[in-house]
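# Survey of secondary and tertiary structure
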Amino acid sequence: MTLPDRWLAAPADEDLRRTFADPDLDDSGWEPIAVPGHWRSTPAFADHDGPLLHRARFEQPPGAGDRRWWLRFDGLFYEGDVWLDGTYLGATEGYFFAHEFEVTEQLHARSEHQLAVEVACAPQTNRAHKRNITGVFQHWDCLDPDWNPGGIWRPVHVEESGPVRIRHLVTRCLEATPARAVLSLTADLDAAEAIEVHLRTTVGAADHGTDRTLAAGPNTVEWTVTVERPQLWWPHALGEPHLEQATVEVRVRDAAGSRVSDRRRFRTGLRQVSMRKWVLSVNGERLFCKGANLGPTRMALGEATPDELAADVETAKATGLDLLRVHGHVGRPETYDAADRAGMLLWQDFPLQWGYARSIRRQAQRQATEMVAMLAHHPSVAIWCGHNEPMGLDISPEAFAEPHRLAGLGLRAVVSQQLPTWNKTVLDRTVKRAIEAADGTRPVIKHSGVLPRLPTLEGTDSHLYFGWYWGDERDLPGFARAMPSQVRFPTEFGAQAVPETDGFMDATQWPDLDWERLGRTHNLQLALLDRHVPRDGRTYEEWKDATQTYQATLLRHHVETLRRLKYRPTGGFCQFAFADAHPGVTWSVLDHERVPKAGLAALTDACRPVIVVADRPPAAVAPGRALALDVHVVSDRRVDLTGTVEVEARWDGGGHRWSFTGDVPADACVLVGTVQLEVPDAPGELVIALCGEVGDDRPTNEYRTTITA
């Protein structure tokens, strides 16, 4: 039974805390509040930081026999203390996983019940030493830093079981070949007394049974199920994402015979993943991962509809992406279900973002284990990552307001990554070990975006903000030649752009917009945007269009560069970022209303299965200069192809053509020819146009430069 949406709430104070759990308390003056939901969505608590006291009444007929009853919170942001009928049940900590209490005694005693919950989500005032494991929700440059996500944000249930309850169930795929697949299952079973049980597991047509003896209280039971000649789950680029219905039952015997004490049903996929030298393989087939960072669908994640959650995954698939990095948070179950159905791989971050206090280590270890228990059965989850950018810095909107403050932040970030720190060295090792202990079937990355350290110059995946935080957007190819180890798997790059849904900008005040508000609340990093897209001499619409053009240009050429380095050494990439969770000027290619920026079309074109690319000419060239532009075909097709690429150079009053023909191996990047051109004495625009015919694909591309006078 899901509790009805008839909740009341009031701000906590010391007097009310002492009495609010009393079933006879008069709460007629309390404010109605939506559960599931976030308290700031209720006007009375729109500026409240908690704690907030919640009460709900419900009816449940008294239980009988050996039936047991459980109160389950699917999600509570971030800490809670729970009472039922005046009895204290316990405390919760952790926003993304379920918390459960046995309430058999209370439900046997009466039919009318009073649930009382104190919910706290303390603002993280010292953001270099945060204490809440809430990831991006309480510290990120793509959300409102003054937002508080507190609330009972997912449903609350009363559930029934027999004498044995399945408290946790972790499902992992140990082996997956066309001949057989092996699932490993670990269950935490809570028995009311010592008892013999029969565990029955079905996975598709496979049916497995095992008998176990349980002691009274908690028991951990492990077993495996073998599926002969399975249909494998594949990412959409490699095959069909076949899913199997799975059921686990705990059966007990009594005088009436065998009966189900508890049951879990879920869908899973049979597949194996591995990573070697930053190249991901699924079922033994390597895959160059074209990806993007996926933040929360909404800042108030509990209010996103299932259709909205699934639509982000489907749009990413239509864009040509194979991988979504669930950035700095654990999302709603609908996101993972949609990824399973779509054949979309997921890089799953544990919700650690930037700096944390030493006191969270034990809690982080526990919550990392809970993350695995919650998500391990999803075949789409391919990679675990422990911590995003583990720098103990208070990264705030004000840090980006002025160039000199940004330079100081950058210097501190570099220093913090070169030296051992508690976050990077101790906390992240703890989280990684906890994940590996819970799931040994997937690659685990200790932390993301850590720079190479002397003397080995080995880093992790890379965050390469050329053309935004540093340098020019044209710098990536040269950097890749100089530091190939740092382009093995870039998981962040991009530039901010003003969205189409821009009412929050108040463009009628141009050029005197409220830049301070836009910087703090709506994420605009004005000093950096001015560096790359100056406002001077432009109307608002011209400036907005220019920001989108700049973002699109950067994304297109970064992706083309990385795809040319396919497996030599690049294993994939994740662009930053895919979609906005609230009105903002961010790196996303879809705004908060899912209206695309120009960057989405550029990303889609650059991620097509077959592309033709050439060396990018300089921004300006002088007459008489010799250009030698290598032309490549990049193919993600799984078969060998033969192709032809036509190249045309056009300038004012003239032009020239080349034609190249050759074989294009499966899943490869191949050099098909070199364009040799002496720049003509024809000031104006020089266009290099490419048109390919590769198998059934007809890729095109174009590069422009200016011939100087």
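Summary of the structure given here. Here the structure is a predicted model, which is why all the values come from computation and not from measurement.

## Section: the environment of Ala668
Of note, Ala668 is situated in strand S33 (residues 668-678). A relative accessible area of 16% means that Ala668 is categorised as buried. For the pair Ala668 and Val633, spaced 35 residues apart in sequence, the C-alpha to C-alpha distance is 8.3 Å. Residues contacting Ala668, with those up to four places away along its chain left out, are Lys566, Val633, Val634 and Ser635.

## Comments concerning the sheet that holds strand S18 (residues 279-282)
Sheet strands pair by backbone hydrogen bonding; their relative direction is either parallel or antiparallel. A sheet is described by the order of its strands in space; here three strands give the open sequence S17-S18-S19, paired in antiparallel fashion. Looking at which strands have only one partner, the edges of the open sheet turn out to be strand S17 (273-276) and strand S19 (285-287). Averaged over all adjacent pairs, the angle separating strand axes in this sheet is 35 degrees, with direction ignored.

## Considerations on the sheet that holds strand S28 (residues 610-614)
In spatial order, the strands read S28-S30-S33; together these three strands make up an open sheet with antiparallel pairing. Either end of the sheet is taken by a strand with one partner, and the two such strands are S28 and S33. The average undirected angle you get between the axes of adjacent strands in this sheet is 15 degrees.

## A look at the nonpolar core
The biggest cluster of nonpolar side chains holds 133 residues, and the ones touching the most others in it are Trp7, Phe73, Leu115 and Phe578. With eight residues, helix H11 (residues 540-564) is the single largest residue contributor to this core. In this structure Trp7 touches Glu31, Pro32, Ile33, Val35, His54, Arg55, Ala56, Leu115, Val117, Ile152 and Val156, once residues within four positions along its chain are discounted. Leu169, Leu185, Val197 and Trp223 belong to the second-largest nonpolar core, a separate cluster that totals 47 residues.

## Some remarks on the packing of H11 against helix H12 (residues 598-606)
Relative orientation of the contacting elements H11 and H12 amounts to 15 degrees, with a least axis distance of 8 Å. Considering the angle they form, H11 stands roughly parallel to H12. Helix-helix and strand crossings are classified by hand; for H11 and H12 the assignment is right-handed. In this structure, H11 contributes Gln548, Gln551, Ala552, Leu555, Arg556, Val559 and Arg563 to the contact, and H12 contributes Ala598, Gly599, Ala602, Leu603 and Ala606. Partitioning the contact of H11 with H12 into residue classes produces seven nonpolar, three polar and two charged.

## Some thoughts on the pattern of salt bridges
The full count for this structure, using the stated rule, is 52 salt bridges. Among the salt bridges present, the one from Asp667 reaches Arg286, with a minimum N-O distance of 3.2 Å. Of this pair, Asp667 sits in the loop between strand S32 (654-664) and S33 while Arg286 is found in strand S19, placing the two residues 381 residues apart along the sequence. Take Arg286: its relative accessible area is 38%, and that puts it in the partly exposed class. One continuous salt-bridge network, built from bridges that share partners, spans Arg68, Arg72, Asp74, Glu100, Glu102, Glu159, Arg165, Arg167, Asp190, Asp262 and Arg264.

## As for the environment of Pro61
Turning to its location among the elements, Pro61 is positioned in the loop between strand S3 (52-59) and strand S4 (68-73). Taking relative accessible area as the criterion, Pro61 reaches 55% and is therefore assigned exposed. For Pro61 and Leu107, which are 46 residues apart along the polypeptide, the C-alpha to C-alpha distance reads 7.5 Å.

## With respect to the side chain of Thr171
Note on placement: Thr171 falls in strand S10 (residues 164-176). Not counting residues within four places of it along the chain, the set of residues in contact with Thr171 comprises Leu183, Ser184, Leu185, Phe266, Ala376 and His377.

## Quick word on the pairing of strand S22 (residues 345-349)
Where burial is concerned, most of S22 is hidden: five out of the five residues are buried. In the sheet, strand S21 (residues 323-326) pairs with S22 via four bridges, with the strands oriented parallel. When the sheet's bridge partners are listed, Leu324 is paired in S22 with Leu346. Running through helix H4 (residues 333-342), the crossover from S21 to the neighbouring parallel element S22 is right-handed. Inspection of the sheet shows S22 paired to strand S23 (residues 381-385) by four bridges, in the parallel sense. Within S23, the residue paired with Trp347 across the bridge is Ile383. Running through helix H5 (residues 361-375), the crossover from S22 to the neighbouring parallel element S23 is right-handed.

## A short note on the packing of aromatic side chains
Throughout the structure, instances matching the rule amount to 30 aromatic pairs. Relative to Phe576, the ring of Tyr465 lies with its centre 6.4 Å away and its plane at 80 degrees, an arrangement referred to as edge-to-face. Linking Tyr465 in the loop between strand S25 (462-463) and helix H8 (476-482) with Phe576 in the loop between strand S27 (572-575) and H12, this pair joins segments that are 111 residues apart in sequence. Using a relative accessible area of 5% as the deciding quantity, one classes Tyr465 as buried. Seen in terms of ring centroids, Trp510 and Tyr540 are 5.6 Å apart; in terms of plane orientation they differ by 70 degrees. Their pairing is edge-to-face.

## Observations concerning the packing of H5 against helix H7 (residues 422-438)
The packing of two helices is summarised by the inter-axis angle and the distance between the axes. Interhelical geometry of H5 versus H7 gives an angle of 35 degrees and a closest axis separation of 8 Å. Here the hand of the crossing between H5 and H7 comes out right-handed. Residue-level contacts link Arg361, Ala364, Gln365, Ala368, Thr369, Met371 and Val372 of H5 to Trp422, Val426, Leu427, Thr430, Val431, Ala434, Ile435 and Ala438 of H7. Looking at side-chain class alone, the contact of H5 with H7 contains eleven nonpolar, three polar and one charged residues.

## So, the pairing of S4
Within S4, five of the six residues are buried, which leaves the element mostly enclosed by the surrounding structure. Taken together, the six bridges between S4 and strand S9 (residues 156-161) define a ladder with antiparallel strand orientation. Looking at the pairing, Trp69 lines up with Glu160 of S9.

## Considerations on helix H3 (residues 306-319)
Across its 14 residues, H3 extends 20 Å between first and last C-alpha, which sits within 8% of the 20 Å expected from 1.5 Å per residue. Restricting attention to buried positions, one finds in H3 the residues Leu309, Ala310, Asp312, Val313, Ala316 and Thr319. On its buried side, H3 packs onto strand S20 (289-294), S21, H4 and H12. Directly beyond the C-terminal end of H3, a positive phi value near 100 degrees is found at Gly320.

## Observations regarding the side chain of Arg68
As for its placement among the helices and strands, Arg68 is situated in strand S4. Within polar-contact distance, the side chain of Arg68 engages the backbone oxygen of Pro163 at 2.9 Å. With residues near it in sequence (within four places) discarded, Arg68 still touches Glu102, Thr104, Glu159, Glu160, Ser161, Gly162, Pro163, Val164, Arg165, Asp190, Ala191 and Ala192.

## Side note on H4
Buried within H4 are the following residues: Thr335, Tyr336, Ala338, Ala339, Asp340 and Ala342. Next to the buried residues of H4 lie S20, H3, S21, S22, H5 and S23.

What counts, and at which threshold
- Residues numbered from 1 in each chain as written.
- Predicted model: local features only at pLDDT ≥ 70, side-chain atom pairs only at ≥ 80, totals over all residues.
- Heavy atoms only, no water.
- Helix = DSSP H or I, 4+ residues; strand = E, 2+ residues; numbered from the N terminus.
- Buried < 20%, exposed > 50% of the residue type's maximum accessible area, 1.4 Å probe, protein only.
- Contact = heavy atoms within 4.5 Å.
- Pairing = 2+ DSSP bridges.
- Axes fitted to C-alpha atoms, helices over the stretch in contact; angles between N-to-C directions.
- Core = buried A, V, L, I, M, F, W, Y, C linked by side-chain atoms within 4.5 Å.
- Parallel < 35°, antiparallel > 145°, perpendicular 65-115°, else oblique.
- Left-handed = near helix turned anticlockwise from the far one by under 90°.
- Nonpolar A, V, L, I, M, F, W, Y, C, P; charged D, E, K, R; others polar.
- Salt bridge = Lys/Arg side-chain N within 4 Å of Asp/Glu carboxyl O.
- Right-handed = clockwise from strand over helix to strand, strands pointing away.
- Phe/Tyr/Trp six-rings, centres within 6.5 Å; stacked < 30°, edge-to-face > 60°.
- Expected span 1.5 Å × (residues − 1).
- Polar contact = N/O pair within 3.5 Å; in protein donor to acceptor, adjacent residues only side chain to side chain.

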